[in-house]
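For reference, the chains in residue letters:
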Amino acid sequence: MTTSSDNQLFQDFLPVSWEEWKARATADLRDIPYDRIRWKTPDGFLLEPRYAADNMHMPPGACTAKSHNGWNNCRRIPVTNCRSANTEALTALSDDATALEFSITSPDLCNKENLELLFESIHFPATAIYLSGSVGDPHRLLENLASITAFSENKGGLLTEVQKNTRELFSAARSLSEFRFLAIDTLPWHERGATPSQEIALALAGVSDLMNRFIAQDVAPERIAAAIEIVMAAGSSHFVELAKPRAFRSLYPFVLKAYGAPENASTVLFARISSKNRSLLDPFTNVLRQTTGAISSILGGYDSLQIDPFDNGISVSLNDAERISANIHLILKEESFLDRVNDPAAGSYYIETLTAELAATAWKQFVEIEAAGGLAEAIKNGMVPDAIARAASSARKNIENRKKNLIGVNRYLWPLTVGQEEQLDALQNAAETARNTSETTSFELLRLKAERHRITTGSIPSVFIWLSGDPALGIRQASFMEDFFRCGGFGIAGTALLDADSSSCATALENNPSIVALCVAEKDPVPAAETICMTIRKQLPGAIIVMAGKPPEGHERLLAAGLDSFVYTSINVLAMLQSYHLKTGIQ
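Definitions and cut-offs
- Residues numbered from 1 in each chain as written.
- Predicted model: local features only at pLDDT ≥ 70, side-chain atom pairs only at ≥ 80, totals over all residues.
- Heavy atoms only, no water.
- Helix = DSSP H or I, 4+ residues; strand = E, 2+ residues; numbered from the N terminus.
- Contact = heavy atoms within 4.5 Å.
- Phe/Tyr/Trp six-rings, centres within 6.5 Å; stacked < 30°, edge-to-face > 60°.
- Buried < 20%, exposed > 50% of the residue type's maximum accessible area, 1.4 Å probe, protein only.
- Core = buried A, V, L, I, M, F, W, Y, C linked by side-chain atoms within 4.5 Å.
- Pairing = 2+ DSSP bridges.
- Axes fitted to C-alpha atoms, helices over the stretch in contact; angles between N-to-C directions.
- Patch = residues over 30% accessible without salt bridge, like charges linked within 9 Å, V, L, I, M, F, W, Y side chains within 5 Å.
- Areas by Shrake-Rupley, 256 points an atom, 1.4 Å probe, with all protein chains shown as cover.
- Salt bridge = Lys/Arg side-chain N within 4 Å of Asp/Glu carboxyl O.
- Lys, Arg positive; Asp, Glu negative; His and termini not counted.
- Charge placed at Lys NZ, Arg CZ, Asp CG, Glu CD.
- Right-handed = clockwise from strand over helix to strand, strands pointing away.
- Parallel < 35°, antiparallel > 145°, perpendicular 65-115°, else oblique.
- Left-handed = near helix turned anticlockwise from the far one by under 90°.
- Nonpolar A, V, L, I, M, F, W, Y, C, P; charged D, E, K, R; others polar.

## Quick look at the environment of Ile 148
Consideration 1: Along the polypeptide, Ile 148 turns up in the loop between α5 (138–146) and β6 (157–158).
Consideration 2: Sequence spacing of Ile 148 and Val 287 is 139 residues, and the spatial spacing of their C-alpha atoms is 38 Å.
Consideration 3: Residues in contact with Ile 148, not counting those within four places in the same chain, are Lys 112, Leu 115, Glu 116, Phe 119 and Phe 124.

Here it is, written out as structure tokens:
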């Protein structure tokens with residue numbers, strides 16, 4: 001067997017420049033604008049469909065990759081009783097967790113005696129301990145931790161943001177050299193709708209804010225940097241979420257340098273899998289979302305990864321949900337070997353360009369925050385909340401008009417299980433609670449309303465899909481319409497290819513549908529659709545008639561014949577479904 005160099009391997013292929021490729025692609029697209037195959041990210045910059053050495057961008061600074069691609073498998077444990085939480089923690093460690101996050105429910109649980117009980121039999125050098133929630137006075141907490149035998153060897157951290165400015169925090173933690181107690185948590189901003197570049201900018205601004213606060217208290221900048229841990233959310237947009245931590249790592253040294261801290265100070269990043277796009281009604285799709293987010297986090301270089309159970313215990317038992325979500329770590333490490341290659345994204349033309357664009361956009365936003373007086377002032381004067389509100393509004397529109405697909409939520413629904421039907425009140429309450437931080441609840445509340453109507457009245461408004469013309473095109477339109485109406489909880493009374501006559505109309509109206517959806521696949525759909533509308537109006541005057549596709553030329557004739565509305569890809573799906581709820585009596 002002989003080996004071949006790259007030159008030998010590709011010598012029969014002529015090099016193609018970026019300009020040549022773009023010209024050929026434009027010619028092949030014909031009447032389709034080239035911009036249709038470019039991607040505009042939520043952060044507003046455009047990405048090309050092809051990247052190579054001659055059109056890629058590199059991040060502004062070197063991505064300070066870790067020396068290895070391992071990560072802490074962190075299990076979050078609510079603490080209401082220290083003894084039971086310790087038992088749960090030891091079980092998690094036996095299941096291959098390598099880090100523990102204790103979410104404290106009361107400051108009373110943070111005295112030395114309770115902490116010792118909570119940490120009993122945990123080997124501190126091998127297990128990173130994180131604390132979050134209601135920890136009370138951070139100064140006293142750090143003193144208590146420092147007084148616990150061998151805790152000085154722990155490499156965990158405090159994940160609750162510290163508001164105190166005093167240097168006494170550093171005095172209390174002087175023996176905790178590797179315990180990071182200054183957390184910058186961008187998860188709340190992520191849940192409110194921040195884009196990835198905004199999350200990076202807010203993390204950088206948080207670092208700057210901490211540096212300002214504690215340097216003013218005569219704390220050395222290198223000591224401040226050594227105490228910082230960055231907490232970010234990992235969503236399911238794979239490449240963007242992979243590039244996000246890499247972009248942060250490329251920018252972080254510039255902030256450190258500005259404050260006199262070593263540019264090579266270690267960056268510790270903690271990822272939480274986002275729950276913003278978690279479905280209540282189709283829970284097992286959440287496992288796929290979590291897996292995508294976990295892969296992005298690992299390849300992007302987070303140091304710790306925490307994955308909550310994929311369901312809150314309403315649709316799936318909490319024990320099963322926790323076990324399945326915890327196994328994602330094991331599968332990605334022991335079966336996919338994602339810990340074997342350090343910074344596997346390095347050198348990818350596309351990912352390096354995406355990293356560079358994210359970094360450039362985030363840096364611009366960071367500079368604007370700093371010019372406004374820093375993070376605290378930018379929040380106070382509304383600059384940061386307003387920017388995030390605009391991003392959230394844009395993201396919400398993309399979900400409502402299905403430019404962003406959420407499987408099991410606004411596309412391709414799975415019917416509710418018997419168990420879910422018995423838990424409608426609990427599902428309703430969970431959806432209402434998550435309304436302000438979830439992308440899914442608007443559609444899921446719509447389905448829950450329809451389901452409650454079915455249980456109350458014994459029936460659900462149904463839709464008959466009437467195909468006419470070219471069957472191949474009509475079937476595609478019918479699939480679109482069926483998926484559209486199922487998102488609103490409507491039943492499907494049937495689908496059939498019919499002629500525009502009275503006998504066909506009788507077939508369509510046999511089950512007394514509330515809505516008739518026309519899929520007229522003809523070059524000029526108006527004559528056939530007009531005839532069908534008038535026939536339906538005679539036989540079932542109360543039926544709502546809708547038509548697949550944008551309004552064609554002459555659509556006024558259809559409206560005059562009784563057509564209610566048109567359904568097509570760029571409409572606001574949520575608003576249309578809400579209107580059909582009202583028209584069919586779903587309250």
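Further notes follow.
## Some remarks on the packing of aromatic side chains
Consideration 1: Summed over all chains, the structure comprises 19 aromatic pairs.
Consideration 2: Taking 5.3 Å as the distance between ring centres and 25 degrees as the angle between the ring planes, the aromatic pair formed by Phe 248 and Tyr 252 counts as stacked. Of this pair, Phe 248 and Tyr 252 are both found in helix α10 (residues 238–258), four residues apart, which corresponds to roughly one turn of the helix.
Consideration 3: You can call Phe 248 buried: its relative accessible area is 0%.

## Observations regarding the environment of Tyr 568
Consideration 1: Of note, Tyr 568 is situated in the loop between β15 (563–567) and α23 (573–584).
Consideration 2: Spatially, the C-alpha atom of Tyr 568 lies 5.7 Å from that of Lys 550, the residues being 18 residues apart in sequence.
Consideration 3: When near neighbours in sequence (up to four residues on either side) are disregarded, Tyr 568 contacts Phe 480, Gly 549, Lys 550 and Pro 551.

## So, the nonpolar core
As a rule of thumb, nonpolar side chains are buried together in soluble globular proteins.
Consideration 1: Counting residues in hydrophobic clusters, the biggest one holds 99 residues, and the most contacted among them are Phe 102, Phe 119, Leu 145, Phe 181 and Leu 182.
Consideration 2: Looking at this core element by element, the count peaks at 10 residues for helix α8 (residues 196–215).
Consideration 3: Sequence-distant contacts of Leu 182, defined by excluding residues within four places in its chain, comprise Val 162, Phe 170, Leu 210, Phe 214, Ile 224, Ala 227, Ile 228 and Glu 229.
Consideration 4: With 31 residues, the next largest nonpolar core counts Leu 406, Phe 480, Cys 519 and Val 573 among its residues.

## What about the sheet that holds strand β14 (residues 544–548)?
Consideration 1: Taken together, the five strands give an open sheet; going across it, the order is β12-β11-β13-β14-β15, and neighbouring strands pair in parallel fashion. Looking at the sheet topology across the chains shown, the edges are occupied by β12 (491–497) and β15. This sheet shows a mean twist of 25 degrees between the axes of neighbouring strands, independent of strand direction.
Consideration 2: Summarising the sheet, strand β11 (residues 462–469) and strand β13 (residues 515–521) pair through seven bridges and their orientation is parallel. Note on β13: the bridge partner recorded for Ser 468 is Val 520.
Consideration 3: This element, helix α21 (residues 526–539), spans β11, β13, β14 and β15 of the sheet and lies at about 160 degrees to β13.
Consideration 4: Contacts from α23 reach β13, β14 and β15, with the element oriented near 155 degrees to β15.

## Looking at a negative patch on the surface
Consideration 1: On the surface, Asp 95, Asp 96, Glu 334 and Glu 335 cluster together into a patch of negative charge.
Consideration 2: When you line up the elements, Asp 95 lands in the loop between α3 (82–94) and β4 (99–104).
Consideration 3: A relative accessible area of 40% means that Asp 95 is categorised as partly exposed.

## Here's the deal with the pairing of β4
Consideration 1: Burial analysis of β4 places five of its six residues in the buried class, which makes it a mostly covered element.
Consideration 2: As judged from the six bridges shared by strand β3 (residues 72–79) and β4, these two strands associate in the parallel manner. When the sheet's bridge partners are listed, Val 79 is paired in β4 with Ile 104.
Consideration 3: Regarding the hand of the β-α-β motif, the stretch spanning β3, α3 and β4 is right-handed.
Consideration 4: On the question of chirality, the crossover connecting β4 to the parallel strand β5 (residues 128–133) by way of helix α4 (residues 112–118) is right-handed.

## Brief notes about the packing of helix α18 (residues 441–457) against α23
Consideration 1: The N-to-C vectors of α18 and α23 enclose an angle of 15 degrees; their axes lie 11 Å apart at closest approach. On the basis of their axis angle, the class for α18 and α23 is roughly parallel. For the element pair α18 and α23, the recorded crossing hand is left-handed. Residues Ser 442, Phe 443, Leu 446, Lys 449 and Ala 450 of α18 lie in contact with α23, whose contacting residues are Val 573, Leu 574, Leu 577, Gln 578 and His 581.
Consideration 2: Split into classes, the residues belonging to the contact of α18 with α23 amount to six nonpolar, three polar and one charged.

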